[in-house]
Amino acid sequence: PISSRNAVARNMYVFAAADGDEGPDVDAKLEEAEERMRKSIASLQNSLMTVSTGRANPAILDRVNVDYYGAPTPIRSLAGITAPSAQEIIV
């Protein structure tokens, strides 16, 4: 949770009250924003796992699907994937 959550909520309410509005449901808005931020961070972490760093990383094959009896299937579910050295991946 955001450490200054109460201060942010209080400020939003003051601004809304100054406009004559009852004010939005600040807690709901903050929860929604926090959830969207968590999803963004998870997506970034997932994308960064596939970045090439000069070492063979089996995670780069996580998004690879193969045609298995007419259905796209993740390669990880069909084969074992290892990286025995820094320069090779074995499928």
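Structure shown above.
Keep in mind that what you see is a predicted model, and the values were worked out from it rather than measured. Counting of residues starts from 1 at the beginning of each chain's written sequence and follows it residue by residue. Selection of residues for local features in this predicted model requires a pLDDT of at least 70, selection of side-chain atom pairs for listing and counting requires 80 or more, and totals for whole chains, interfaces and linings are taken over all residues. Side-chain measures here rest on the full set of heavy atoms in the structure, leaving out hydrogens and waters.

Quick look at a nonpolar patch on the surface now. Together, Leu44, Leu48 and Val51 line one region of the surface with nonpolar side chains, adding up to about 270 Å² of accessible area. Throughout this description, buried means an accessible area under 20% of the type-specific maximum (1.4 Å probe, protein chains only), exposed means over 50%, and partly exposed covers the range between. When its relative accessible area of 40% is taken as the criterion, Val51 is described as partly exposed. Here the term patch refers to residues with relative accessible area over 30% and no salt bridge, with like charges joined within 9 Å and nonpolar side chains (Val, Leu, Ile, Met, Phe, Trp, Tyr) within 5 Å. What sets the accessible areas is the Shrake-Rupley method with a 1.4 Å probe; for residues, cover comes only from the shown protein chains. Whenever a carboxyl oxygen of Asp or Glu lies within 4 Å of a side-chain nitrogen of Lys or Arg, that contact is scored as a salt bridge.

What follows is about the pattern of salt bridges. Following the criterion strictly, the structure yields three salt bridges and no others. Of the charged contacts, one joins Arg76 and Asp62 as a salt bridge, the two residues approaching to 2.4 Å between their closest N and O atoms. Placement of Arg76 in helix α3 (residues 75-78) and of Asp62 in the loop between α2 (26-49) and β1 (65-68) is noted, with a sequence separation of 14 residues between them. Looking at Arg76, the relative accessible area reads 44%, which means it is partly exposed. It is possible to trace a salt-bridge network through shared partners that takes in Glu34, Glu35 and Arg38. Only DSSP runs of H or I covering at least 4 residues are called helices, and only runs of E covering at least 2 are called strands; the numbering of each starts at the N terminus.

Right, let's get into the packing of aromatic side chains. Side-chain rings of Phe, Tyr and Trp (the six-membered ring for Trp) are treated as a pair once their centres are within 6.5 Å; stacked means planes under 30 degrees apart, edge-to-face means over 60, and tilted covers the remaining angles. The tally for this structure, following the rule as stated, stands at one aromatic pair. Consider the rings of Tyr68 and Tyr69, whose centres lie 4.8 Å apart with planes at 75°: the pair is edge-to-face.

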